[in-house]
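Geometric and topological summary
Each chain, written out:
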Amino acid sequence: MCRVVPPEAPSGSAPVRTVPMTKSALIMILASICLALGSSCSCDRDKAIKIGFIAGLTGKNSDLGVAGRDGVQLAVESINASGGIGGRMLSLVIRDDGSNPDAAALAVESLAKERVAAVVGPMGSSMAKAALPVAAKNGLVLVSPTSSSNELSGRDDNFFRVMEPNRLFAHHLAETCVKLKIMRVAAIYDLQNSTYTAEMFADFREEFLRRGGRITAEVSYDSARSPLFIPLVKKLGVDRADGVMVLANSVDAINIGQQVRKLSPRIPIISGACGIAQRDLVQQAGRSIDNIIFTLPVNGRSDKESYLLFKEKFAKRFGYEPTFASVLAYDAAQAVVAALRKNPEPSRLRETLRGIGTFPGLQGDILLDSYGDPHRKLFITRYFRGHEDVIE
């Protein structure tokens, strides 16, 4: 039998008797204490892990952001369906940056107040560049699906990504042009996302000239100023070129492609992925995108089982075929999850990602180096006569 020993009685007061406690009563008290402690721990376990997402969900480049959002949404739903992370579910907190750098920075501030564990995004290079200082100030990690600026490479910071730097894509495109005997290129690009477009063209031009190619015209414009594409395309001098490079958002790329096709129905159009490989481009553009060539880190004809299952689930969930942005956004979410499973402490996420090495992507393992840059194979994709072909 156990006893509860009372405090010493004050002087002059009546003596206090000890009260015997039965074994069953003690067990009930101990059980109540354990239940209270267990309930507290259970609340911590049940609390959702918030993951932020930032992209342009409105405006001319919204196709990229919407496709990315849907890819991350499917990743979160799939992870939750399999039990979450250590029994804790994921909660997706979405912000629209409207493809505006200032809005991207504000979106990071907003997500920091939401106490997200990490941010998937931004999707655009200019937005990522503006968001990074704010993320660093708040101790947040950014994992971008599609930002590809060289400026963000090889830096020990809070930025990680699953899409290779512009330089690799540009060199790959230059090599492909030479192989396809496209030796004279006229180029047009949008200055609104110059961190991507101007940098991509500069890298392409350098490598293309080194390989014996020639740039016959270079035209830039600002999509925020409602440009007229007929006179801009005429400046390209399409008749003096073997191919036209277009680096622009998907809406502008379609309009430019239509004007190019009026002047030359068959000339190849070389493009950056972020302006072309969007979810409804084929339906919108028709013949204007025929014979378009671009480089992607995603093989649209892959027969990898995990990719085929993803395509099936995605189409069923959202009603359209996933684009490269959907795939990369899903992969970016998987990078965050792989790191959190290894170490669930958000304050250690940067160090965990830096040391993670490889993590499973939809089309195979993806290697992240210590600076957060990915390393994997690139693919040349071509839309020709209504079909998408992958040129190895």
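These numbers were taken from a predicted model, which means no experiment stands behind them.

Describing the confidence of the model for the protein
Should the pLDDT be low somewhere, the predicted coordinates at that spot are not to be read in detail. Predicted confidence across the protein gives a mean pLDDT of 86, with 83% of residues reaching 70 or more. Scored below 50 in pLDDT, residues 1-19 shows 13 contacts in the model against residues more than four places distant or in partner chains. In this model, residues 25-45 is a region of pLDDT below 50 whose contacts with residues beyond four sequence positions or in other chains number six contacts.

Quick notes on the packing of helix α2 (residues 62-81) against helix α11 (residues 305-318)
Their axes nearest at 11 Å, the elements α2 and α11 cross at an angle of 110°. In terms of orientation, α2 and α11 fall into the roughly perpendicular class. Contacts from Ala67, Asp70, Gly71, Gln73, Leu74 and Glu77 of α2 reach α11 at Phe310, Lys313, Phe314, Arg317 and Phe318.

Concerning the pattern of salt bridges
The full count for this structure, using the stated rule, is 18 salt bridges. Glu109 is the partner of Lys137 in a salt bridge, and the nearest nitrogen-oxygen pair spans 2.6 Å. You can see Lys137 sitting in helix α4 (residues 125-137) and its partner Glu109 sitting in helix α3 (residues 101-113), a full 28 residues away along the chain. With relative accessibility at 59%, the residue Lys137 sits in the exposed group.

So, the pairing of strand β14 (residues 364-368)
Two strands pair when backbone bridges link them, and strand β13 (residues 358-361) and β14 are joined in this way by four bridges, in the antiparallel orientation. Within β14, the position partnered with Thr358 by the bridge is Leu367. In textbook terms, the turn of a hairpin is the stretch between consecutive antiparallel strands, and for β13 and β14 this stretch comprises two residues. Across two bridges, β14 lies against strand β15 (residues 374-375) in antiparallel orientation. Counted as the bridge partner of Leu368 is Pro374 from β15. As consecutive antiparallel partners, β14 and β15 are separated by five residues, and within that stretch Gly372 has a phi angle of approximately 85°, a positive value.

Quick word on the side chain of Ser62
Its location among the elements puts Ser62 in helix α2. For Ser62, the contacting residues outside a window of four places in its chain are Gly56 and Leu57.

Conventions we followed
- Residues numbered from 1 in each chain as written.
- Predicted model: local features only at pLDDT ≥ 70, side-chain atom pairs only at ≥ 80, totals over all residues.
- Heavy atoms only, no water.
- pLDDT = per-residue confidence, 0-100.
- Contact = heavy atoms within 4.5 Å.
- Axes fitted to C-alpha atoms, helices over the stretch in contact; angles between N-to-C directions.
- Helix = DSSP H or I, 4+ residues; strand = E, 2+ residues; numbered from the N terminus.
- Parallel < 35°, antiparallel > 145°, perpendicular 65-115°, else oblique.
- Salt bridge = Lys/Arg side-chain N within 4 Å of Asp/Glu carboxyl O.
- Buried < 20%, exposed > 50% of the residue type's maximum accessible area, 1.4 Å probe, protein only.
- Pairing = 2+ DSSP bridges.

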